[in-house]
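Below, each chain spelled out in residue letters.
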Amino acid sequence: MQHGIKRINLSEEAKRAKLEKDKAKIVEYKQLSEKVFSLRDDEVYSFDALKYTSVLLKMNPEFYTIWNYRRDILTNLKYEQEPDNDYAWWLSYDLGFLMSLLKKFPKVYWIWNHRSWCLFELVKLGKVNWQYEFGVVSKLLELDSRNFHGWQYRRFVVENIELESTKKAAPTNKSDESSVLLEIDINEFKYTTEKISKNISNFSAWHNRSKLIPKIYHLFQALDSPNEKYPEVFEIFKSPQSILNHELELIKTGMYMDADDTSVWLYLYWLLTEKLFIDDLNKSKKGRYLSLLKEELHIVEELNKLEKDDHVENWDNCWCLKTIVLIKGLIEKEEKGATNPRDLLTNDIKNHLRTLIKIDPLRKGKYLDQLEGKASIIPTI
Amino acid sequence: MTDTEVEILPLLREKHINYIIEQDSHRSYEYWLSEHLRMNGLYWGVTALLIMKSLDESLPRSEVIDFVFSCWDSKAGGFGAFPRHDAHLLSTLSALQILKIYDTELTILGSEKREQVVAFVKGLQLPSGCFQGDRFGEVDTRFVYNGLSSLSLLDELTPEIVDPAVKFIMECQNFDGSFGMLPGAESHAAQVFTCVGALAIADKLHLIEDDTKLGSWLSERQVLPSGGFNGRPEKLPDVCYSWWVLSSLSILNKKHWVDLEKLEAFILTCQDSKDGGIGDRPDNQTDIYHTCFGLAGLSLIDHEKYNFTEIDPVYCMPTEVTKTFKKWKS
Amino acid sequence: MMPPYQRTERRKSMAERRPSVSYTPPVIPHLAGLEKPQELSLKLEECDVLIMGTGLVESILAASLSWQGVQVLHIDNKNYYGDSSSTLTIEQLKKWCMEVNQGRMQHFQDAQIYVPGGKTTNKFKSKDYGIDLTPKIMFCKSDLLSLLIKSRVYKYLEFQSLSNFHVFENDDFSQKITTQTSKEDIFTDKSLSLITKRNLMKFLKFILTDNKEPQKKKVLQESSKSRISDFLVSQFSLEKPQINELVYSIGLCINEDTKTPEALAKIKRFLSSFDVYGNFPVMVSKYGGPGEISQGFCRSAAVAGTVYKLNTALVDYDPKSKIAKFNDGSHVKINEKIVVSPSQIPKFLQSSYNEITAPLKQYSITRLITVVRRDCKEWMSEQESSAIVVFPPHSLPTNNDQSVQVIIQNGGTGVCPEGQSIWFSHTSEQDLNRAKQDLESAYGKMETSLLRESTSDLDEAFDDHDFVLSAQGTPVFINSFKLGESLSNFVPKEKLEIVCKLGYVQKTYVNPDLSNIFHAKPENNVVLKNLEDAKNDIIFSNMPSAELSYDGIIGEAKLIYQKITGTDEDFFDVDFEDEDEEDNEYNEAHKVASTTTMKSVGSSGGIVGGGPNSNTNLHALSSDNENVIEDDSDDDHNPFGADEMEL
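What you see is a predicted model; the values in this text were computed from it and never measured.

Undergrad: When you look at the overall build of chain B in this model, what are you seeing that I'm missing?
TA: Along chain B, the regular secondary structure elements total 15 helices and six strands. When burial is assessed residue by residue, chain B has 67% of its 330 residues classed as buried. A separation threshold of at least 6 residues defines the contact pool for chain B, and within that pool the share at least 24 residues apart is 65%.

Here it is as structure tokens:
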């Protein structure tokens, strides 16, 4: 598959020239594939065979069959023949080999896959270095802060570091275990803050944050004396309300910086509708959630006013207005306890939906459904 | 943001047909490097030709079927991407889809292979409910879809398989209503297709309680000025999401939540007007993958307008084939 | 009195330091003059183009012509390369200053060099210094950098990043450039109000929008005549501190009259240079700037067949026979053109030159270069060795009309020993007395600030404003490297120790805003003037401009190139592709062999490593793909900056 590669329409002559030039490479590639396949068919598991797969995989890192063969070689090698380097050494060697490939092909699933396989083999041997992996993935994300594989791999490494750490913690002491996990998750939380600060559009970071927040909160709850070790973080996490306030402040800056940024608004929606926060708000004081909604509505309306002033035809800002509809819907629900989508539709909200049809025509169909009560304007669960 | 007239370029049907037929003829170095995708490539090519109603006259049936069987990996009991390549769930689903197109009863497979391939696919399911791609452990909601779809094609679904798989999928749903590749992973449009598609196959769509949220997330994938779909917030549009997003919306009965005309225009601007084929974005290199999903997108938008075969959003196969399936009822 | 100078030593340039094996054409022509200046008289009987002066523009021209198959003879009347943009040692500078004051360095005047103390108190090795006569910085997204890569000349050089830009305002330095230019810092800077953050972001978005976008186009057209500061106030409600930063430090504009389109282009130049090679906008070449780069191009030219000869001057030229005579008695037939650097004009051409330049407006650039015994690390990012300091108009006690721009480089850049730094400052103030006062005043401000920061007497220096209370109520020191306002009353007792101080004035016909380069016409640019009595065989080039970046350099080279060949379409139209591919394979093999070496990215630009964006087809095909799920490879930059990455 070709992605982001500009099309070059080669002339017939250029095509022929390229084919001519390719010939030698094709022959080499085919001969090498043939060689490796026959070794595989003969179930040869030798150091030489390993080297052949290296060369071939460098030419084509997506040749999954060869990765499979390489794994079979690695597990079946007679390491006693080369006493200096045992299985663990070769697995670590492969991690280096993979790194060199990832630099060139950071989005190839098969390379990432082989990397996790090597690591699990090292786990079996008790010789894995997750901290090093952590360094690797941090470096990768520094270079492409939204690489899908990179974030997934980071979560994978963190999970394993957690697993390893909890094994080390005293098995009987629940609080001890939470403390170990907390440290890891707090660092992850800070990492998302750092990524968001660099670029508020980094939805990958916002996403991770939404996963970390409940986790950290519950871990703090499980501690015997939560505020000792991480006082400043505990300030944020002492209650769902304090988390919410902290996050709303952060997201407010994001909204002001770029009112057209999808990530910011999606995260705000989560904050305003997450059960963890709502329950805590209403527990502390009746109507607290409602007044928070009204405060947020005010902030968004203020911003929308600024945006309107900037627009050549004085249009509302699309995301502001979508959010206004959502918050007004939530307020309606809180005040009237309405559950039927149709009952939430005040004239005011209907007007907003009609405006949205004009300023966001791509999604006209959705707004029409909402106007007719066929689709809800707020989350239904 | 003003409603401007959308210019819709003509569809270059003949050029695309030629482009697909010619795939095998230009044997550059890159072509040889893509053997590991050949079974998928064949499925994309066959599907694209089917959509354009020219499969039979363009590709000799026997050659296609021979190729598929030449990729049979008897050791594992599944299909590889190319002769001598290892069996993998990805290529196995493609192989089954191709065979099903030619033979809805799959008698062509023979009982022995059939048993083996069923065992192969079932054997890839893990206790978590997820499937791995092959014996080496890579897991991802892609493989759940592949597993369920394969077994559905073979009419071999059982509650023991479906229930844990569905549970796993639901663990992949995020606060934005959308789905990621694993529990905890960021939402991604292609992953939505695999999850929603798998739920549809498993007859469990009702588990998506708030389809407005998911539908909204999907509809927000359409961006201006191009009118194309992106795969995640704040990313660039790409033709292949025309399929992943629109099929998901279609399964949720929310196709009208996006501007189909603008999407149509976007797909058509990604055609190579000289050599045929479709690329990810205008003026970019074409390939069979984007050609297939671009055309599949057009079929979902309006198959009658282009005299296309109607496509089933759940299986990405013609409805005339999928209507013969015995659908799983939970 | 200056000490009698010995034979001036020549510093080795990067081109010489780097062995030629990294760049091996099938046949290596004699690198005449580069490794060893040619002493014998010229063996050449004829050539197509004679170029006099090995300055940056002339060197690029020589390389571009010879790669196109033109036989070039490239001479210089000095015994070193670089001409008016040379990189010199202190001893060479002493001699140079004397020659300036004797009137033997055309277009330079008022040179002063001050080396305090005698041999006992001021010990230094002249050869440890590489001081640029016209120091410059390179934006990561610029035509010169593209050309360095395309021409492979980057292989002869070494680059370092520069990310700190300081701006002086209200008698205080603030280092907000790294802070306010990126989204990050706007997001985290607590001193900015939400509204200001919003306005800044709107502006950043605006500036990065395509100029063809209708709404932006309209705004630009409407503001084409207005000053940039007025524009920023009326369109984006920005306030003075942000405006100063945007205009003078990010944009490096030199005065308040800068018009909106020019300033916007300059601000954009900075912003779009971010993240090309890493999180920094600018690079500097190691061991010296234009002097080093011109030698790199000379080397490339030599590889392509240019013949070099230093210490050589043209003494006569006969347009009829086309014979050029040199001071060593040799003569060569010139088939096409002669390019003459304005600092190397032979006597017989002087009156013609005076005549054609008479209608042109001349500009002065006043420079003050100081070598101090202090590494100024406080002003630089970690792992960097350079920084920029800008004094916007009216920020100095002298009430400067033009901004003063300063490049600071320390031992890490190889231009001076470790523990020292060179402050290269200049101004385009045309009143020379004022110019000198402005530069001295700026020097004084920097000196005070530096001493203030490095004071050990903290108790006296700090007060409550320098601390904030943390959540637990403990005071936290805000920023120990702040060039801080609360310290402004602190008067240091000591003085900075100076190794050498050098001042001079340079003249040029290039407008400081480069308008007569970008819109060159026979009425405004000497290159396009015709010398009819020499049958138009002779082309004069320009003296270096006041521009701090390398902008305009390629434009000038192309201008001359076009005048010689009739078109600039084939300017450096050379296919180095095959060589590059081999290189990649080599690198790849090399990388695999040494996968464990850790090397940080960023400190030196990616081009030092593997060669940027070298997308081979294989790469393109395999970089992302999968069956059902497509990964989104939708960014147009290289994923993970794969090519630049070293782990």
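Moving on, there is more to tell.
Undergrad: Would you mind showing me how to read helix H10 (residues 240–250) of chain C here?
TA: Residues separated by three or four positions in an α-helix point in the same direction, a consequence of the helix having 3.6 residues per turn. All names here are of chain C. Of all eleven residues making up H10, nine are buried, and the element is well covered by its neighbours. Where H10 is concerned, the buried positions are Gln242, Ile243, Asn244, Glu245, Leu246, Val247, Tyr248, Ser249 and Ile250. Backbone geometry just downstream of H10 places Leu252 in the positive-phi region, at approximately 55 degrees.

Undergrad: I keep staring at the confidence of the model for chain C and nothing clicks. Help me out?
TA: The predicted coordinates ought not to be read in detail in places where the model reports low pLDDT. Residue and element names in this part refer to chain C. Overall, the prediction assigns chain C a mean pLDDT of 77, with 73% of residues at 70 or greater. Here residues 176–181 scores under 50 on pLDDT; set against residues more than four positions off or in separate chains, the count is 26 contacts. Contacts for the low-pLDDT stretch residues 578–647, under 50 throughout, to residues beyond four places or in other chains number 182 contacts.

Undergrad: Explain empty space enclosed by the protein to me, please; I cannot follow it from the model alone.
TA: To find the voids left in a structure, one rolls a probe of water-molecule size over its atoms. Residue and element names in this part refer to chain C. Tallied over the entire structure, the rule returns nine cavities of 30 Å³ or more. Roughly 170 Å³ of volume is contained in the largest cavity. If you trace the largest cavity, you find 21 residues lining it, with Val57, Ser85, Asn542, Met543 and Pro544 closest to the centre. Listing elements by their share of the lining of the largest cavity, those giving two or more residues are helix H2 (56–67) and helix H17 (553–565). Take the lining of the largest cavity: its biggest share by element is three residues, from H2. Here the residues of the lining of the largest cavity are counted per class, giving eight nonpolar, eight polar and five charged.

Undergrad: I'm lost on the packing of aromatic side chains in this one. Help?
TA: Two descriptors summarise a pair of aromatic rings, namely the distance from one centre to the other and the angle between the planes of the rings. Residue and element names in this part refer to chain A. As enumerated under the stated definition, the model contains 60 aromatic pairs over all chains in all. Seen in terms of ring centroids, Phe189 and Phe237 are 5.1 Å apart; in terms of plane orientation they differ by 75 degrees. Their pairing is edge-to-face. In this pair, Phe189 is assigned in helix H8 (residues 174–198) and Phe237 in helix H10 (residues 231–237), connecting sequence segments 48 residues apart. By relative accessible area, Phe189 is classed as buried at 4%. Judged by relative accessible area, which is 0%, Phe237 ranks as buried.

Undergrad: When you look at helix H14 (residues 288–310) of chain A in this model, what are you seeing that I'm missing?
TA: Its 23 residues place the ends of H14 of chain A 34 Å apart at the C-alpha level, agreeing with the 33 Å of an ideal helix rising 1.5 Å per residue. Where H14 of chain A is buried, its residues contact helix H11 (240–257), helix H12 (262–273), helix H13 (275–284) and helix H15 (318–336) of chain A together with helix H7 (194–208) of chain C.

Undergrad: Help me understand the nonpolar core in this model?
TA: Counting 314 residues, the largest nonpolar core has Phe220 and Phe237 of chain A, Phe131 and Leu148 of chain B together with Trp96, Ile137 and Phe203 of chain C as its most contacted members. Ignoring any residue separated from it by four or fewer positions in sequence, one finds Trp96 of chain C in contact with Tyr80, Leu88, Met105, Phe108, Ala111, Leu133 and Tyr504 of chain C. Counting 49 residues, the second-largest nonpolar core is a separate cluster that includes Phe297, Ile553, Ile554 and Ile560 of chain C.

Undergrad: What am I meant to see in the sheet that holds strand S6 (residues 138–139) of chain C here?
TA: Within a sheet, adjacent strands bond to each other through the backbone by hydrogen bonds, running parallel or antiparallel. What the three strands build is an open sheet, ordered S6-S10-S7 (chain C); its pairing is antiparallel. The sheet is open, and its two borders are formed by S6 and strand S7 (159–162) of chain C, each paired with just one other strand.

Undergrad: What's the story with the interface of chain A and chain B in this structure? I'm lost.
TA: By a widespread convention, an interface's size corresponds to the accessible area lost as its parts come together. At the junction of the two partners, chain A supplies 71 residues and chain B supplies 75 residues. Summed over both sides, the interface of chain A with chain B buries roughly 6,600 Å², with 54% coming from carbon and sulfur. Counting across the chain A and chain B interface gives six salt bridges. In this structure, the salt-bridge partner of Asp86 of chain B is Arg40 of chain A, at a minimum N-O distance of 2.8 Å. For the pair chain A and chain B, the number of links is 28 residue pairs in polar contact (both at pLDDT 80 or more). The greatest single-element share of the side of chain A that touches chain B, amounting to 13 residues, is contributed by helix H1 (residues 12–41) of chain A.

Undergrad: Sorry if this is basic, but what is going on with the side chain of Ser248 of chain B here?
TA: All names here are of chain B. Inspection of the secondary structure assignment puts Ser248 in helix H12 (residues 240–251). Overall, Ser248 belongs to the buried group, its relative accessible area being 0%. Filtering out sequence-adjacent residues up to four positions away, Ser248 remains in contact with Val192, Phe193, Val196, Leu218 and Trp243.

Undergrad: For this particular structure, what's the right way to read the layout of surface pockets?
TA: What the second largest pocket holds in volume is close to 1,200 Å³. Thr273 and Pro379 of chain A together with Phe175, Asp210 and Lys213 of chain B are, among the 50 residues lining the second largest pocket, the residues nearest its centre. Mapped by element, the contributors of at least two residues to the lining of the second largest pocket are helix H9 (203–222), H12, H13, H15, helix H16 (347–359) and helix H17 (364–371) of chain A together with helix H11 (211–219) of chain B. By residue number, the principal contributor to the lining of the second largest pocket is H15 of chain A, which donates seven residues.

Undergrad: Explain the side chain of Ser210 of chain A to me, please; I cannot follow it from the model alone.
TA: All names here are of chain A. On the secondary structure map, Ser210 appears in helix H9. For Ser210, a relative accessible area of 7% gives the class buried. A distance of 2.7 Å separates a polar side-chain atom of Ser210 from the backbone oxygen of His207.

Undergrad: What is the right way to read the pattern of salt bridges from this model?
TA: Oppositely charged side chains can form a pair if their charged atoms are brought close together. Applying the stated criterion across every chain yields a total of 62 salt bridges over all chains. Across the pair Arg198 of chain C and Glu307 of chain A runs a salt bridge, and its minimum N-O distance is 3.1 Å. Separated into two different chains, Arg198 of chain C in helix H7 and Glu307 of chain A in helix H14 make up a pair that spans both. Across this residue pair, the class does not change: Arg198 of chain C and Glu307 of chain A are buried.

Undergrad: What is the right way to read unusual backbone geometry from this model?
TA: Glycine aside, the phi torsion of most residues is negative, and most peptide linkages are trans. All names here are of chain B. Put simply, Leu224 and Pro225 share a cis peptide bond, and its omega is 5 degrees. Relative to the assigned elements, Pro225 resides in the loop between H11 and H12. Despite not being glycine, Glu234 has its phi angle at roughly 60 degrees, a positive value. Inspection of the secondary structure assignment puts Glu234 in the loop between H11 and H12.

Undergrad: Even after reading the chapter, I still don't get the state of the cysteines, so can you show me in this structure?
TA: Here a disulfide denotes one covalent bond, and it connects the sulfur atoms of two cysteines. Applying the stated criterion to the full structure yields zero disulfides over all chains. Free cysteine: Cys172 of chain B, not disulfide-bonded; nearest cysteine sulfur from Cys195 of chain B at 5.5 Å. Of the cysteine sulfurs around Cys416 of chain C, a residue in no disulfide, the closest is that of Cys376 of chain C, at 9.2 Å. Here Cys416 of chain C falls in the buried class, since its relative accessible area comes to 5%.

Undergrad: Got a minute to help me understand the pairing of strand S1 (residues 46–52) of chain C in this structure?
TA: All names here are of chain C. Along S1, five of the seven residues are buried, which leaves the element largely enclosed by surrounding structure. Of the pairings in the sheet, the one linking S1 to strand S14 (residues 331–340) comprises six bridges and is parallel in character. The residue of S14 that forms the bridge with Met52 is Val340. Sheet analysis places S1 next to strand S2 (residues 72–75), joined by four bridges and oriented parallel. Within S2, the position partnered with Leu50 by the bridge is Leu73. Crossover connection from S1 via H2 to parallel S2: handedness right-handed.

Reading the values: rules and limits
Residues numbered from 1 in each chain as written. Chains lettered and ligands numbered in written order. Predicted model: local features only at pLDDT ≥ 70, side-chain atom pairs only at ≥ 80, totals over all residues. Heavy atoms only, no water. Helix = DSSP H or I, 4+ residues; strand = E, 2+ residues; numbered from the N terminus. Buried < 20%, exposed > 50% of the residue type's maximum accessible area, 1.4 Å probe, protein only. Contact = heavy atoms within 4.5 Å. pLDDT = per-residue confidence, 0-100. 1 Å grid on protein atoms, 1.4 Å probe; cavity = no way out; pocket = protein on both sides within 12 Å on 5 of 7 lines; lining within 4 Å. Points joined across faces, edges and corners; volume = space filled by probe spheres on them. Nonpolar A, V, L, I, M, F, W, Y, C, P; charged D, E, K, R; others polar. Phe/Tyr/Trp six-rings, centres within 6.5 Å; stacked < 30°, edge-to-face > 60°. Expected span 1.5 Å × (residues − 1). Core = buried A, V, L, I, M, F, W, Y, C linked by side-chain atoms within 4.5 Å. Pairing = 2+ DSSP bridges. Buried area = accessible area lost by both parts, 1.4 Å probe. Salt bridge = Lys/Arg side-chain N within 4 Å of Asp/Glu carboxyl O. Polar contact = N/O pair within 3.5 Å; in protein donor to acceptor, adjacent residues only side chain to side chain. Disulfide = S-S within 2.5 Å. Right-handed = clockwise from strand over helix to strand, strands pointing away.

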